[in-house]
Structure formats: structure tokens, C-alpha cells
Amino acid sequence: MNNYLFSGHNKYNLEIHKSKLEKYVVKIKKSKYSVNILENKDYSDYISVLINNTPYACVIKELDHKQICVNIQNYVFTFNVGNVSTINLTNNTVDKNNELVPYYKVLSKVPGKISEICVKVGQNVKKGDQLMIIESMKMEAVIKSDHNGFISEINVKNNSQVSLNQLLMVIETKILKEN
Amino acid sequence: MIESLLIANRGEIALRIIKACNELNIKTISIYSEADLHSDYLKHADEIYYVGKSQPSESYLNIDKIIDIANKTSVEAIHPGYGFLSENSAFAEKCVKNDIIFVGPDSTILELCGNKLKTRSLLEKSGISVIPSYDKLITSENDLVNIAEKIGYPVLLKSVYGGGGKGIRLIKNKKEISDVFHFAEKESIISFDKIGFYVEKFLENVRHIEFQIMSDKFNNFIHLGERECSIQRRFQKLIEFTPSIIMNKILRDKIGNIAVKAAKTLNYVNLGTVEFLVDMNKNFYFIEVNPRLQVEHPITEMVTGIDLIKQQLNIASGYEINLQQSDISLNGAAVECRINAEDPFNEFIPQAGQIVKYDLPINPWVRIDSYLSENFEIPLFYDSLIAKVITWGHNFEDAVIKMRNALNQFLIYGIQTTIPFHKYVLSDENFINGNINTNFIENHKIIDKMKMNFKDNIPNLEKIAAILSGIYYENKPSDKLKSNKISNWRKYANNYGADS
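Residues numbered from 1 in each chain as written. Chains lettered and ligands numbered in written order. Predicted model: local features only at pLDDT ≥ 70, side-chain atom pairs only at ≥ 80, totals over all residues.

**Observations concerning the overall build of chain A**
Put simply, the rule reads: Secondary structure elements follow DSSP: runs of H or I of four or more residues count as helices, runs of E of two or more count as strands, with numbering from the N terminus. We call a residue exposed when 12 or fewer other C-beta atoms sit within 10 Å of its C-beta, buried when the count reaches 20 or more, and partly exposed for counts in between; the C-beta positions come from the backbone. We call two residues in contact if the C-beta atoms placed from their backbones are at most 7 Å apart.
The secondary structure content of chain A amounts to 0 helices and 16 strands. When each of the 179 residues of chain A is scored for burial, the buried share is 31%. Counting contacts in chain A only where the partners sit at least 6 residues apart, residues at least 24 apart contribute 38% of the total.

**Structural notes on helix H1 (residues 11-23) of chain B**
Residue and element names in this part refer to chain B. The line we're drawing: Under the convention used throughout, the expected extent of a helix is 1.5 Å for every residue step, that is, one less than its residue count.
With 13 residues, H1 ought to run about 18 Å at 1.5 Å a step, and its terminal C-alpha atoms sit 19 Å apart, in line with that. If you check which residues of H1 are buried, you get Gly11, Glu12, Ile13, Ala14, Leu15, Arg16, Ile17, Ile18 and Cys21. On its buried side, H1 packs onto strand E1 (4-7), strand E2 (27-33), strand E4 (77-79), helix H10 (308-316), strand E19 (366-370) and strand E21 (385-393). After H1 finishes, the residue Asn25 shows a positive phi value of roughly 55°.

**A short note on the sheet that holds strand E9 (residues 207-215) of chain B**
Residue and element names in this part refer to chain B. Note the threshold: DSSP-based pairing: two strands are paired if at least 2 bridges between them are found. Only the stretch in contact is used when a helix axis is fitted, and all axes are lines through C-alpha atoms; the angle between N-to-C directions ranges over 0 to 180 degrees.
Pairing within the open sheet is antiparallel, and its 8 strands lie in the order E13-E12-E9-E10-E11-E14-E21-E19. Here the strands that pair on one side only, and so sit at the sheet edges, are strand E13 (284-290) and E19. In this sheet, neighbouring strand axes are inclined to one another by 25° on average, regardless of whether the strands run parallel or antiparallel.

**Section: the interface of chain A and chain B**
As a reminder, the rule being used: Each residue is assigned to one class: nonpolar for Ala, Val, Leu, Ile, Met, Phe, Trp, Tyr, Cys and Pro, charged for Asp, Glu, Lys and Arg, and polar for all the others, Gly among them.
The interface of chain A with chain B comprises 55 residues on the first partner and 48 residues on the second. It is strand E2 (residues 11-20) of chain A that contributes the most residues to the side of chain A that touches chain B, 6 residues altogether. Counted by class, the side of chain A that touches chain B contains 34 nonpolar, 15 polar and 6 charged residues.

**Some details on the domain arrangement of chain B**
One widely used convention gives an interface's size as the accessible area the parts lose upon coming together. In plain terms, the rule: Delimitation of the domains relies on an automatic or database domain assignment.
Domain assignment breaks chain B into domain 1 (4-103), domain 2 (132-201), domain 3 (207-452) and domain 4 (459-496). Spacing between the C-alpha centres of domain 3 of chain B and domain 4 of chain B amounts to 44 Å.

**Brief notes about the sheet that holds E4 of chain B**
All names here are of chain B. Taken in spatial order, the 5 strands line up as E3-E2-E1-E4-E5 in an open sheet, and their pairing is parallel. Every interior strand has two partners, whereas the edge strands, strand E3 (47-52) and strand E5 (101-102), have only one. Summarising the sheet, E1 and E2 pair through 4 bridges and their orientation is parallel. Residue pairing for E2: Leu6 is matched across the bridge by Ile29. Sheet strands touched by H1: E1, E2 and E4. Its angle to E1, the strand with the most contacts, is close to 175°.

Pasting the structure below:
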């Protein structure tokens with residue numbers, strides 16, 4: 001029996017029992033689901049299953065050790081995996097109160113070329129401020145700050161190529177002083 | 001008929017042109033950039049040639065290189081598709097100089113249509129009502145302020161070199177001018193290496209309706225009815241359908257004749273699209289002629305039964321159009337949804353990444369124009385269109401029902417696409433009732449409603465996603481991460497209990 005915690009919009013605490021080869025019983029709260037794996041070739045990121053006799057399929061990608069993306073029925077869900085209190089470091093998962101989180105990382109939501117960096121190290125930023133512009137697929141994606149704070153690190157240069165989820169900059173929130 | 005054709009394009013439209021050529025026994029030559037090495041369209045061409053690095057300027061916009069390949073392979077003609085070089089008069093001219101047929105209007109017409117201000121004043125003189133704009137090229141912020149004040153806000157700043165909705169910006173008041181101009185200037189330099197804008201009055205709550213026209217060297221001009229393209233976001237068309245709900249036979253004949261008159265005034269030859277904005281009183285204002293194939297051409301093909309690419313090739317080969325206006329009948333209705341690699345829940349940010357797997361809707365009356373393939377890495381360098389889903393029905397409602405079913409069964413794994421957006425719009429009452437205009441998405445808060453609708457679905461679908469995630473880890477053997485993590489999860493569960 002293994003326990004898993006996935007937090008996305010809601011939190012799901014799973015208890016999984018393996019009953020036979022490729023057959024599982026998943027418990028969430030008091031509900032039980034029987035799961036049969038239909039296809040998961042070479043343990044790839046594509047999985048198709050029967051959950052209580054209803055077919056579902058998805059593609060799972062591990063973004064890093066603590067985050068996974070599940071692509072199901074044309075929707076993408078992002079889950080934090082494991083102990084939530086230690087992984088609130090990315091802009092997707094940052095605590096709303098700002099208090100528990102001393103800093104957070106700005107990750108690139110889109111791969112592309114940095115066309116403009118609008119801030120400098122040490123500069124105070126407010127929620128909604130423009131941080132940088134990434135050029136991708138002939139469009140410009142504006143990266144905005146999700147938090148109040150100041151820029152403590154900039155990890156990319158102008159005109160450099162960035163990949164998905166690459167660290168762009170770090171914003172510290174604890175030493176923010178109002179100007 | 002020509003016997004060999006080079007396609008100076010990529011993706012779904014390259015594939016679409018190849019399919020038409022196959023039916024006409026025309027040998028196809030496709031080109032590819034570094035990023036397209038594994039693109040599916042290449043498998044269908046008779047011969048393929050490397051054109052250059054991934055940047056469009058090095059590859060699909062590289063006139064010299066493309067002409068060079070055409071000469072080496074001694075093709076008779078070049079089809080430019082849409083975008084890239086399709087409206088480039090210098091390219092069309094270079095083709096002719098090298099004894100290659102350019103499938104499209106000749107360079108003088110391309111140049112005229114490219115100069116939108118000139119086209120407008122020409123057509124205005126012939127008695128066609130055009131959109132209010134100011135006949136002056138803008139190259140500085142100062143020019144812009146002066147002209148915007150004269151026309152009155154809100155205005156649209158458009159690039160003279162733009163097209164397909166690219167390079168258009170809305171200016172609501174004087175305060176916005178400086179920022180908008182700065183941004184537009186930068187974008188124009190990135191995209192076109194030069195700047196040049198014009199300004200037109202921004203009409204709110206209008207419909208965008210366009211007419212497909214067709215003409216040959218023998219002075220035959222016909223139109224193939226309209227396409228309603230009002231469902232747009234930031235001037236990018238997302239859903240198109242035909243017929244338009246405001247159209248009846250008398251109005252279609254009337255506007256169709258205006259479109260034909262515009263084509264005649266411009267001495268137009270080959271296929272083209274005449275675009276109009278339509279106000280609530282069904283007044284049509286001419287905006288521009290798109291002298292090329294449109295992305296949304298399939299809906300016209302579905303209701304007319306006419307293969308537009310074959311017609312283009314036929315006309316370019318120097319033949320007469322084998323149809324008359326009275327031969328054109330519009331049968332039923334067709335809808336097209338553009339499936340883009342963009343995240344509709346997150347400001348439509350482009351999604352690059354791998355398409356791990358996809359399931360196509362194999363349904364009757366469904367057509368898919370796409371170059372999807374499994375494990376295909378979507379290149380970042382080109383636009384984000386990955387598939388077009390087109391359905392036919394005996395009326396609009398029927399076509400929409402078929403589209404809804406098709407999208408329910410069209411599953412793309414690996415990246416977020418705009419499918420959820422389309423599914424929401426197709427269920428929206430205002431859309432179904434035809435109560436739409438170019439501000440539809442903003443006016444009816446479609447994006448917010450889509451997100452709300454998604455939230456209602458979360459409890460079920462997210463739980464399924466969580467179960468699948470658990471099974472994924474459970475089924476993943478000898479994973480170091482897993483063994484480390486399990487102790488953490490156990491620790492967490494032990495410490496905090498299993499509340500959720």
C-alpha cells in the first residue's frame with residue numbers, strides 16, 4: 001500500500017493497493033475506485049485505464065521532482081506532489097498570504113527568445129508588473145509578476161533562448177518595503 | 001495543366017496542396033526548415049528539399065533559396081500557400097523572371113492589394129463603400145496622434161505590411177498612443193524589418209464577413225458565397241462558418257456582386273477574398289482584398305463542392321474557369337474551428353512541446369486539415385495552428401452539433417490546445433443563436449465563462465487526473481525519485497493524517 005498526495009485546485013490524498021498485475025484499488029477519502037491499466041507501454045507518459053469500468057486516458061509529464069502535468073480530455077492539470085509546505089516556491093504554487101514564502105521563482109511558461117527584460121536586480125516590483133517579454137511563435141508573451149517583492153536574481157540574458165519551465169528570475173518577498 | 005509544383009510553405013496547408021496535386025497527377029516538391037525535419041507533410045510530397053535554418057527569414061521567407069530549389073528541380077509552378085511569401089509581390093515577380101508560374105495573382109495585383117490605402121481609394125472611386133480611414137502613411141508617433149485626433153477614438157493602428165490579423169492594435173484614447181506605438185514599432189521591425197502604419201476607425205459590434213471570389217485571364221468573375229469570421233480574439237479568427245446568419249439570397253447576390261465588382265476594378269486574376277465589416281443595419285464596408293488562399297477556405301469547399309486549390313492550379317495553368325455564377329449553389333452549412341497550440345486558460349500563450357499522442361474524431365461529415373503526428377515537437381518559429389476541424393451539416397445547427405461531437409472525440413495529449421475554448425463557444429447560447437460580432441468574446445465574457453464552466457467540471461475530472469497520477473507512479477518501476485518520495489509521503493500522511 002502506498003500513499004500519495006496531489007494538490008491542484010483541490011487536494012487528493014490517495015491510498016493505492018495493488019491487487020493483481022496492472023490492477024489497483026485506489027482509495028480517496030471513503031470512496032474506492034478499481035483501476036485496470038489498459039495501456040502504459042514501457043511505462044511511458046501515456047496511460048490508458050479503466051476506472052470503475054469507464055475508460056480514461058492521459059499523458060503525464062514530470063515538470064520537476066515536485067510538479068507533474070496531467071493532460072486529460074484536452075485539459076491540463078498541474079499537481080504538486082508530496083508535502084505541500086516545502087514546495088511553495090514557484091509562481092504556480094505560491095502561498096497567497098506572501099508571509100510563509102520568502103521568495104519564489106519565475107519560470108518560463110513558454111519556450112522562446114527573451115526579447116526584453118523590463119526589470120533590474122534590486123528593483124521593487126508589484127503584482128502585475130511586467131517582468132520580461134518572451135517571443136514565441138511570432139507572438140510576444142508578457143511575463144508578469146504574481147507577487148509584490150524585489151528582484152533578487154535575473155538568470156537569463158536578453159536575446160537568449162529559454163526552454164519551458166526554465167528559471168528566469170527570483171523574486172524575494174520578505175524584505176519588500178513600500179517606496 | 002502544370003505537371004510539377006513546388007510548395008513554398010509548410011504544415012497543414014502544404015499537405016492540403018499536396019493532396020490536391022495528387023488528384024491532378026502533379027508532381028509535388030516540398031521544402032523544409034531545420035525545425036520541420038520531422039514534420040508529417042514531408043512524407044506526402046514526391047520530393048523534399050532542405051531550405052534553411054528554422055527562422056522564417058532563413059527558410060520559408062528566403063526568396064533566393066526557394067527560387068534556387070525551384071530552378072534546380074525545374075518545377076513549372078510555385079504555390080505559396082497562405083502567410084509567408086503568399087502576398088509578396090517581389091517573390092511573384094522573381095518567379096515570372098525565372099519562367100516559373102506563381103499560383104496566385106500577378107505581382108502588380110499583389111502590390112496593389114498590399115497597399116491597403118490605395119486599394120480602398122480605388123474602390124471608393126468605383127462606388128463601393130469602404131471603411132473610414134485616413135490616406136496617409138504613418139511612420140512616427142506624431143503622425144499617429146494627429147491622424148487619430150482627426151478620425152476620433154477608438155482607432156486601429158494597422159501595419160501596412162501586415163495581414164492575417166497580425167500587427168493590428170487598438171487605441172482607445174490618447175493616453176494609450178505612446179505605449180501602443182512603441183510596441184507596434186518594435187513588433188514591425190521584428191516581423192518586417194521596417195515600419196509603416198495606417199489608421200482606421202474602429203467599428204465596434206460589427207460582423208466580419210468575407211466573400212470568396214474567383215477569376216481567370218478570360219475575364220470571367222464569379223463569387224462562391226460568404227464566410228462569417230466574426231469569432232475573433234485580438235483580430236485572430238478562431239471559428240468561421242458559412243452561410244452567415246444575416247444572409248439571404250438577395251443580400252448574398254448584392255454583396256457578392258460588390259465583391260465581384262471589386263475584383264474587376266483591380267483586374268484581379270485567380271482566387272481571392274474580399275473582406276467586409278457589416279454593421280447592425282447590414283451596411284457592408286469594404287476592408288481589404290486578401291490575394292491568396294485563406295486558412296478558412298475549407299468551409300467554402302464544403303458547401304460548394306468545389307476544390308479551391310484545384311481551381312487555383314487550373315487558373316494558374318492558363319485555363320478558363322469551367323463554372324459560371326449560375327452553377328454555384330450553396331448546399332447546407334459548414335463550420336471550421338482552428339485548433340491552436342495555445343492555452344485558452346492562460347491568455348492563449350503559445351504551447352511548445354511534444355504531441356505525445358492524439359485521437360482523431362472519425363465521424364461522418366467531419367474533415368480534418370492537419371499535419372499532426374505522434375511525438376512531433378511543435379516548432380516555435382511558426383504560427384500555432386496545428387489542426388482545422390471542419391464539419392458539414394444540412395443547416396448551421398446541425399453543423400454545430402457535428403462539430404461538438406467531433407471535438408469531444410478529438411483528443412490531443414502532450415500540450416494544451418484551444419479545444420476547450422471551442423467546446424465552450426459551441427455550447428454558448430449567443431453563438432448558437434447567431435448573436436455574434438467581432439467583440440463577441442469580450443462582450444459576452446466568454447473566457448471568464450469558459451473558466452467558470454471548467455471549474456464546475458474540476459471536481460470530477462481532477463479526481464480522475466489524480467487517480468491516473470497515482471497509477472503512473474505506482475506503475476513506474478525502479479524509480480529513485482519514487483523510493484525517496486514515498487517515505488516523504490508516508491511521513492506527511494503520518495504527520496498530518498489523510499485529510500483532503
